[in-house]
Amino acid sequence: MDQDKKNKVHSGQRSAFSKIEKMHPIRMLLYLSMIGIGILFFVLVVAFIRTGGFSVASFQMPKLFTVSTLLLLFSSYTISKVSRFYKKDKLRKMTRYLGLTLGLGLAFIVTQFIGWREMSASGVYFTGKASGTYLYLITALHILHLAGGVIFLSYLFFKTAHVVTDGIRSLIFIRDPYRSLQLSMLTSYWQFMDFLWLGLYLVFLFLM
């Protein structure tokens, strides 16, 4: 009985390691990058919390931060539909949802900038108190990391919009395993950035 349990444990360990070994190097690099990004933001959030937040009674969470959060959460839904349409060979719908996700991502960035103007109007500046400095820094770094996803999303959107007009190119595009990997990685990274922002938003909401 004990031997059976040991065999199950060892087989489980071998299974986990075999999955890692079979993982595409680019996907592994993406996961390592997301871990690094998560650690970076964790350190910054801890530093922000240690500042004690904002003691100014008149300061509130910028309304556009709430709007941008809703936009990004909705984009998480739209990006999740892309891979499903790709697997079903529905490139036109895939193009539509890629474009919708791209528009939501750009709208998020714009609302973040407007949110900064709200903070500035409330008397919170980058060069002011430490809490304000960290707030600007954290939101700016998130925009920067999301912008990387926006750039790659733009590439896939225009690439798909181009191939969908030709039957031969569409067939090659659908049968390309590397394209499936790209879509899967984009979805993972985009949803990671979405839920990372949701966590940041909740921290800001609690301390403001």
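Because the structure is predicted, anything quoted here is derived from the model rather than measured. (Residues numbered from 1 in each chain as written. Predicted model: local features only at pLDDT ≥ 70, side-chain atom pairs only at ≥ 80, totals over all residues. Heavy atoms only, no water.)

**Q** Would you mind going over the nonpolar core with me for this structure?
**A** As a rule of thumb, nonpolar side chains are buried together in soluble globular proteins. Membership of the largest hydrophobic core comes to 48 residues, with the highest contact counts inside it found for L91, M94, I138, L146, W197, L200 and F204. Residue assignment for this core shows that the elements contributing at least two residues are α2 (25-50), α3 (63-87), α4 (91-121), α5 (130-163), α6 (167-175) and α7 (177-207). A total of 13 residues in this core trace back to one element, the largest contributor, which is α7. When residues no more than four places from it in sequence are discounted, the contact partners of L91 are Y86, T160, V163, V164, S170, F173 and I174. (Core = buried A, V, L, I, M, F, W, Y, C linked by side-chain atoms within 4.5 Å. Buried < 20%, exposed > 50% of the residue type's maximum accessible area, 1.4 Å probe, protein only. Helix = DSSP H or I, 4+ residues; strand = E, 2+ residues; numbered from the N terminus. Contact = heavy atoms within 4.5 Å.)

**Q** How should I be thinking about the confidence of the model for the protein in this particular structure?
**A** Predicted coordinates in areas of low pLDDT are best not read in detail. With 84% of its residues at a pLDDT of 70 or more, the protein shows a mean pLDDT of 83. At the low end of the mean pLDDT range in the protein sits helix α1 (residues 2-22), at 53; at the high end sits α4, at 92. Per-residue pLDDT stays below 50 along residues 6-12; that stretch engages in zero contacts with residues further than four places along the chain or on separate chains. (pLDDT = per-residue confidence, 0-100.)

**Q** Can you walk me through the packing of α2 against α5 in this structure?
**A** Packed helices, taken two at a time, are described by their axes: the angle between them and the distance between them. It is at 9 Å that the axes of α2 and α5 come closest, and there the two elements cross at 165 degrees. Judged by the inter-axis angle, α2 sits roughly antiparallel to α5. Considering how the two elements wind past one another, α2 and α5 form a crossing that is left-handed. Of the residues in α5, those touching α2 at I37, L40, F41, L44, V45, A47 and F48 are S131, Y134, L135, L137, I138, L141, H142 and H145. Within the contact of α2 with α5, the residues separate by chemical class into twelve nonpolar, three polar and no charged. (Axes fitted to C-alpha atoms, helices over the stretch in contact; angles between N-to-C directions. Parallel < 35°, antiparallel > 145°, perpendicular 65-115°, else oblique. Left-handed = near helix turned anticlockwise from the far one by under 90°. Nonpolar A, V, L, I, M, F, W, Y, C, P; charged D, E, K, R; others polar.)

**Q** Please clarify how the side chain of T111 should be interpreted in this entry.
**A** By secondary structure assignment, the location of T111 is in helix α4. Within the local environment of T111, its side chain forms a polar contact with the backbone oxygen of F108, the two atoms lying 2.7 Å apart. (Polar contact = N/O pair within 3.5 Å; in protein donor to acceptor, adjacent residues only side chain to side chain.)

**Q** Got a minute to help me understand the layout of surface pockets in this structure?
**A** A probe as big as a water molecule, rolled over the atoms, marks out the empty space that is left. When its volume is computed, the largest pocket comes out at roughly 180 Å³. The wall of the largest pocket is formed by I26, L30, G148, G149, F152, Y178, Q182, M185, L186 and Y189. Looking at the lining of the largest pocket, the elements that each hand over two or more residues are α2, α5 and α7. Top element by residues in the lining of the largest pocket is α7. It accounts for five residues. Its residues placed into classes, the lining of the largest pocket shows seven nonpolar, three polar and no charged. (1 Å grid on protein atoms, 1.4 Å probe; cavity = no way out; pocket = protein on both sides within 12 Å on 5 of 7 lines; lining within 4 Å. Points joined across faces, edges and corners; volume = space filled by probe spheres on them.)

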